[in-house]
Every structure is written in C-alpha cells, then in structure tokens.
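# Coordinates in review
Letter by letter, the chains look like this.
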Amino acid sequence: MGAMEGLTSSGSKDGEAKPRFLAVTALEDVQAVRCAEFHPSGRFYGVGSNSKTLRICAYPKLSDLREEHTTYQPSVVYKRTKHHKGSIYCLAWSPLGDLLATGSNDKTVKLMRFNPDACTMDGQEVELTMHDGTVRDMCFIEDSTNKSSLLISGGAGDCKIYVTDCATGTPFQALSGHTGHILALHTWGGAMFVSGSQDRTVRFWDLRTRGCVNVITPASTPTKPGAPVASLCVDPSGRLLVTGHEDSVCCLYDVRGARIIQAFRPHSSDVRSIRFSPSAYYLLTAGYDNKLVLTDLQGDLTLPLPSVVVAEHQDKVISGRWHPSDFSFISTSADKMCTLWALPPV
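Computed from a predicted structure; not experimentally measured.

### Remarks on the side chain of T53
With respect to the helices, strands and loops of the structure, T53 is situated in the loop between β5 (44–49) and β6 (54–58). Taking relative accessible area as the criterion, T53 reaches 6% and is therefore assigned buried. One polar contact links T53 to S51, side chain to side chain, over a distance of 3.2 Å. If sequence neighbours within four positions are ignored, T53 has contacts with D29, V47, G48, K79, R80, T81 and I88.

This is the structure we're talking about:
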C-alpha cells in the first residue's frame, strides 16, 4: 500500500489492512441527510436533511480521541425546522464564512448572513426563485474586483446555471449550455468553476469571459457514450479534475493537457461525492454502495490507484466532505445520519 499504510492498522484475518477511522460523532435525523459542509474556519459544519431541517454543529476537539472511542451526538449550535418547503439538497458557505446558502426541491435558494461568534443568522434571509426545478448544487466565488461574493447555483429544470450577486441578492447571469440537469458544481478559487450534468458532460466556465471555455465527456469511450456526472472536483492547483459517475466510474482528467489520465472504479454503484483532501494527496469518494473510499494519489496517476474503504453507512452515502485542515471528514447518508470520522492521534 505504500503511503496508505499510515492510514490502516493490520488486523483482519484475511490479511487486508483495516482503516482506523473512527465515528467520532453521529447526528441522527428522521429522514435522509443529503448534505453537510464544513464552515471555512473548520469550527462548525452545516447539515441539511430531507426533513427540511437545517442544523449547524460544532466541530469537536479530537486530541483525546482513542481507539476505544464511543460515538456521541454532536453539539448542535443552531437548528431551524421547516427551513425550506421541501428537502434540503445542498448547502454552501462563502469563503469568508459569513454567508450560508441552501438549495431545495422547493426550487428555491435561501441566502443567510451567519455570525460565527454568536452562531446566529443575522438580518433578513433572501429567497431566490429563479430556478424552475430542484436546486442540486451551489458554490460561492469571491468577486475580487468589488470584494463581493457571487453564488453559483444549478439543478433540474431549464439546465441553466445562475450567478447571483450576494450583496444585492439578485441573479444577474444565466449560463446556458448543458442539455441535462446540473448535478454538481465546484470552484477552486479565482473566477473559474466546473459543472457536471446528467448530459454526461463537464463544462468549464470563466466568469471573466462570461461563458463556457471548455466541454469534456469524461467517461466516454469510442463504444460507450459515458455516464451522467454525479460529482466532480478540481484540485487547488487547477491541474487535475476528478469526476464521479452514475455507472460507478471515476475519471482523472489532466486539465492543462486536456486528456483523460485514467478511469477507475472505487465503488460498485453511483459515485455521489468526490473530494480531494486538503493536501490533495488523497481522494474521498462516497457511493450508493454505502461506502466511503480513500484513494491514494501520491504515486504515478497512470498506474492502478490504491484504494481502501474507510467508512460505511447502513444505506446509500450521499456526500463526504473533508475538514479544511484536519485529516477528518463528515459523511451524510440515506440511513438518516451525518457522521464525523477521524483518526486517533498516533
């Protein structure tokens, strides 16, 4: 396993290394938990559920974590029931951590001002109604020219991606191009972002040029048309794109060389979530096979990649998100749980 050895402890009889990630906290809801995102400070994480409830949980101290740890309930510092008229499908924090946006199958986006010191929402929330279908994903971009936040949102319906000025709460751009529902959005700093769609393509967008700058169909081969892009992510340097598809394939794509490096299958079902670790050395994927898998990206990316199952739920895993600085992550599942996983100190 090479670099993976530090993450696993030998144990199981069949000679496989067993990961040592522990379930530190588990938040239980009455319905499937679709989304959870860390606050950029790492001090909190927001959790959105099919029960329409929005919660913000405190990130616990991990220094006294031990192998014989008993999972406990996280401290909920903010809770709002009936936050949307429907399920909360996605949520996003602004890079400064002062704004929180949520998206729902009630077709609305809600934008709120968050006060991290008091753990309160300040002032009036803004409700955005430009989408005509479920809002599936969102991300914030800092507009460096006038120091304001822009919210990028997409989903079902008209296949448009909307850009909203958070200072005024007004959508000012609708980006057309996709021919299927938008399932995933991701930005890695600057004015660039990527979108993944049911139409099997990934589009690269640049807000400076106000349009699409590249389109690729990652999982396609001469004999296969590819598969819907359920999740995607770009590493902080902007060089490597990873996509997770509904047919369980993941693709590594060299952005600058404009070529597929390799396709691999860390799961046996839909890959609903894919994220680089803060160091970008590891890839965390979450699948409808109930598993979270860690893939080592430290070697030659053209060779078979070492993968290890690091966590499991009782039902489909919908998302997995790294802590901004610690080697820990949160996951959400159809088993109605949002779990925080971490390694005990060595």
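### Considerations on the pattern of salt bridges
Pairing is possible between side chains of opposite charge, provided their charged atoms come close. One pass over the full model with this rule turns up 12 salt bridges. Note that K110 and E127 form a salt bridge whose closest N and O atoms lie 3.9 Å from each other. One end of the pair, K110, is in strand β10 (residues 109–115); the other, E127, is in strand β11 (residues 120–128), and 17 residues separate them in sequence. The network of salt bridges with shared partners includes R80, K110, E125 and E127.

### Notes on the nonpolar core
Core analysis: the biggest nonpolar cluster contains 16 residues, and V24, F38, Y45, V47, I330, C338 and L340 have the highest contact counts within it. Among the secondary structure elements, those contributing two or more residues to this core are β3 (22–28), β4 (33–38), β5 and β30 (337–342). Ignoring sequence-local partners within four residues, the contact set of L340 consists of L22, A23, V24, T25, F38, Y45, Y59, P60, S328, F329 and I330.

### As for the environment of P40
Relative to the helices and strands, P40 resides in the loop between β4 and β5. For P40, a relative accessible area of 33% puts it in the partly exposed group. Along the primary structure P40 and S94 are separated by 54 residues, whereas in three dimensions their C-alpha atoms are 7.9 Å apart. Not counting chain neighbours up to four residues away, the residues in contact with P40 comprise W93, S94, P95, L96, G97 and P324.

### What about the pairing of strand β9 (residues 99–104)?
Along β9, 6 of the 6 residues are buried, which leaves the element largely enclosed by surrounding structure. Side-chain alternation along β9 places L99, A101 and G103 on one buried face and L100, T102 and S104 on a second face that is also buried. Note: strand β8 (residues 88–93) against β9, 5 bridges, orientation antiparallel. Within β9, the residue paired with W93 across the bridge is L100.

### Quick look at the sheet that holds strand β7 (residues 76–80)
Pairing is antiparallel in the open sheet, where 4 strands are placed in the order β4-β5-β6-β7. For this open sheet the edge positions go to β4 and β7, each flanked by a neighbour on one side alone. Pairwise comparison of adjacent strand axes, ignoring direction, gives a mean angle of 15 degrees for this sheet. Both β6 and β7 contribute to a ladder of 4 bridges, which runs antiparallel. If you follow I56 over to β7, its bridge partner there is Y78.

### Some remarks on unusual backbone geometry
A positive phi angle is found at C159, which is not glycine, with a value near 65 degrees. Inspection of the secondary structure puts C159 in the loop between β13 (148–155) and β14 (161–165). Its relative accessible area of 13% is what places C159 among the buried residues. Unusually for a residue other than glycine, N290 sits at a positive phi of about 75 degrees. Within the fold, N290 resides in the loop between β25 (282–287) and β26 (291–296).

### Brief notes about the UniProt feature "repeat: WD" (unreviewed entry) in the protein chain
Mapped onto this numbering, the UniProt entry gives "repeat: WD" (unreviewed entry) at residues 81–111, 175–215, 264–298 and 310–346. A helix fraction of 0% and a strand fraction of 48% characterise residues 81–111, whose end C-alpha atoms lie 16 Å from each other. Taken end to end, residues 264–298 comprises 0% helix and 54% strand; its first and last C-alpha atoms sit 16 Å apart.

### What to know about the packing of aromatic side chains
Here the structure, examined in full by the defined rule, presents 11 aromatic pairs. Ring geometry for F38 and Y45: centres 5.6 Å apart, planes at 65 degrees, overall edge-to-face. Looking at F38, the relative accessible area reads 9%, which means it is buried. You can call Y45 buried: its relative accessible area is 0%. Ring centres 5.0 Å apart and planes at 40 degrees place the aromatic pair W322 and F327 in the tilted group. In textbook terms, an aromatic cluster arises when at least three aromatic residues are bridged by ring pairs, as seen for F21, Y282, W322, F327, F329 and W341.

### A word on the sheet that holds strand β18 (residues 202–206)
Overall, antiparallel pairing links the 4 strands, which are arranged β16-β17-β18-β19 in an open sheet. Each having just a single partner strand, β16 (182–187) and β19 (211–216) make up the two edges of the open sheet. Across the sheet, the mean angle separating the axes of adjacent strands is 25 degrees when strand polarity is ignored. Bridge analysis of β18 against β19 gives 5 bridges, and the strand direction is antiparallel. Bridge pairing links W205 to C212 in β19.

Parameters at a glance
- Residues numbered from 1 in each chain as written.
- Predicted model: local features only at pLDDT ≥ 70, side-chain atom pairs only at ≥ 80, totals over all residues.
- Heavy atoms only, no water.
- Helix = DSSP H or I, 4+ residues; strand = E, 2+ residues; numbered from the N terminus.
- Buried < 20%, exposed > 50% of the residue type's maximum accessible area, 1.4 Å probe, protein only.
- Polar contact = N/O pair within 3.5 Å; in protein donor to acceptor, adjacent residues only side chain to side chain.
- Contact = heavy atoms within 4.5 Å.
- Salt bridge = Lys/Arg side-chain N within 4 Å of Asp/Glu carboxyl O.
- Core = buried A, V, L, I, M, F, W, Y, C linked by side-chain atoms within 4.5 Å.
- Pairing = 2+ DSSP bridges.
- Axes fitted to C-alpha atoms, helices over the stretch in contact; angles between N-to-C directions.
- UniProt positions renumbered as here; feature names shortened; annotations may be inferred.
- Phe/Tyr/Trp six-rings, centres within 6.5 Å; stacked < 30°, edge-to-face > 60°.

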